[in-house]
Amino acid sequence: MFRYAIVRSPGPSIIDGITSSSLGKPVYTLALEQHTKYVEALENLRLEVQILPEKELFPDSAFLEDVALCTPSCAIITQPALFSRRGEIEGMKEVLAEYYSTIEEILPPATLEAGDVMMAGNHFFIGISNRTNTEGADQLIKILSKYKLTGSKIPLEKMLHLKSGVSYLENNNMLVSGEFIKTKEFESYNRIIIADEECYAANSVWINGKVLIPEGFPDTRKKIEKAGYETILLNVSEFRKIDGGLSCLSLRF
Ligand code: CIR
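Residues numbered from 1 in each chain as written. Predicted model: local features only at pLDDT ≥ 70, side-chain atom pairs only at ≥ 80, totals over all residues. Heavy atoms only, no water.

> Which residues make up the pattern of salt bridges, and what values go with them?
All told, the structure shown has 14 salt bridges when counted by the stated rule. Across the pair E65 and R252 runs a salt bridge, and its minimum N-O distance is 3.2 Å. Residue E65 is located in the loop between β2 (48-52) and β3 (68-70), and its partner R252 is located in strand β15 (residues 251-252); the two are separated by 187 residues in the primary sequence. Take R252: its relative accessible area is 15%, and that puts it in the buried class. A salt bridge links E88 to R85; the nearest nitrogen and oxygen atoms lie 2.8 Å apart. Here E88 and R85 have matching classes, each one buried. One network of salt bridges, with partners in common, ties together E65, K163 and R252. (Salt bridge = Lys/Arg side-chain N within 4 Å of Asp/Glu carboxyl O. Helix = DSSP H or I, 4+ residues; strand = E, 2+ residues; numbered from the N terminus. Buried < 20%, exposed > 50% of the residue type's maximum accessible area, 1.4 Å probe, protein only.)

Right, dumping it as structure tokens:
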């Protein structure tokens, strides 16, 4: 069960977030509204939410998930790959120290963004992507082993982050899409296949028995409900414009 969540408010510079999409620039005021509703949804799930102030110099800093990995035993500050995101880790040690007695760090030349890390029980799948290198995954696996946690690497071909295309919903249930439908390491899970047209919704978030899903993906919603979950729909259109999904917007632990 999760008890806490941490989010970071988007700043006006969100319009300059990194993107590979052709959906246009985010509208700042709308992004703020959507962010407020996201926080409300977390609070309705009884999480105690800390809202960090915007970091205007960092357009992508609302995607707080990428800068830290919060495990049940320790928190790990990551090492974002791109120069424009590196400064987002500043101050995170102090924030996480409010919750954790041990805080670890991924150090250069390693890079690792926690959007590439999926927790499934005591095991952590780590995507090797344009953002997370082998050195980053190796450092993380070494840290995890100190806490009797394990990790393994999953090479990515197309997606931005591992969790852009796969989400663990607990109880052995996993949403999988695109290149991850054939991933051997996921074969032992009850895989819920998400069609290409709805692949954005493969990034959904289990929180204390319920699942947050992005609005506008009816087939995915049906599949998740059929698997026994109550779903909560959220509009995150402005974050999608800069390649961000639901999970990217918070740390949950
Ligand atoms: C980026 O390219 O870094 C941001 N525009 C999107 C980050 C999304 N984060 C995530 O998938 N965990």
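> I'd like a rundown of the sheet that holds strand β8 (residues 150-155), residues and numbers included.
Strand order in the open sheet formed by three strands is β6-β7-β8, and the pairing between neighbours is mixed. On the outer flanks of this sheet lie β6 (117-120) and β8, each paired with one strand and no other. Taken over all neighbouring pairs, the strand axes of this sheet differ in orientation by 25° on average, direction set aside. Both β6 and strand β7 (residues 123-128) contribute to a ladder of four bridges, which runs antiparallel. Looking at β7, one finds that A120 is bridged to H123. In this fold helix α4 (residues 134-146) packs onto β6, β7 and β8, with an angle of close to 165° to the strand it touches most, β8. (Pairing = 2+ DSSP bridges. Axes fitted to C-alpha atoms, helices over the stretch in contact; angles between N-to-C directions. Contact = heavy atoms within 4.5 Å.)

> Go over the site of the ligand with me, naming the residues and quoting the values.
Neighbouring the ligand are 13 residues, the closest being I18, D60, D66, I242 and C248. The separation between a nitrogen atom of the ligand and a polar side-chain atom of D66 is 2.8 Å. At 2.8 Å, a side-chain N or O of H161 approaches an oxygen atom of the ligand. Contact with the protein chains removes 99% of the 350 Å² of surface that the ligand exposes when unbound. For the shell around the ligand, the residue count by class is four nonpolar, three polar and six charged. (Near = heavy atom within 4 Å. Polar contact = N/O pair within 3.5 Å; in protein donor to acceptor, adjacent residues only side chain to side chain. Areas by Shrake-Rupley, 256 points an atom, 1.4 Å probe, with all protein chains shown as cover. Nonpolar A, V, L, I, M, F, W, Y, C, P; charged D, E, K, R; others polar.)

> Account for the nonpolar core, naming residues and giving values.
Of all hydrophobic cores here, the largest spans 37 residues; its most connected members are Y38, L42, I207, L212 and F239. Elements with a minimum of two residues in this core: β1 (4-8), α1 (28-44), β11 (190-194), β12 (205-207) and β13 (210-214). Top element by residues in this core is α1. It accounts for five residues. Apart from the residues within four sequence positions on either side, F239 is in contact with P10, I14, A31, Q34, H35, A62, F63, G244 and L249. (Core = buried A, V, L, I, M, F, W, Y, C linked by side-chain atoms within 4.5 Å.)

> Any chance you could break down the state of the cysteines for me, citing the residues and the numbers?
With the rule as written, the count across this model stands at zero disulfides. Residue C70 stays outside any disulfide, its sulfur separated by 9.1 Å from that of C74, the closest cysteine. Free of any disulfide, C199 has its nearest neighbouring cysteine sulfur in C248, separated by 13 Å. (Disulfide = S-S within 2.5 Å.)

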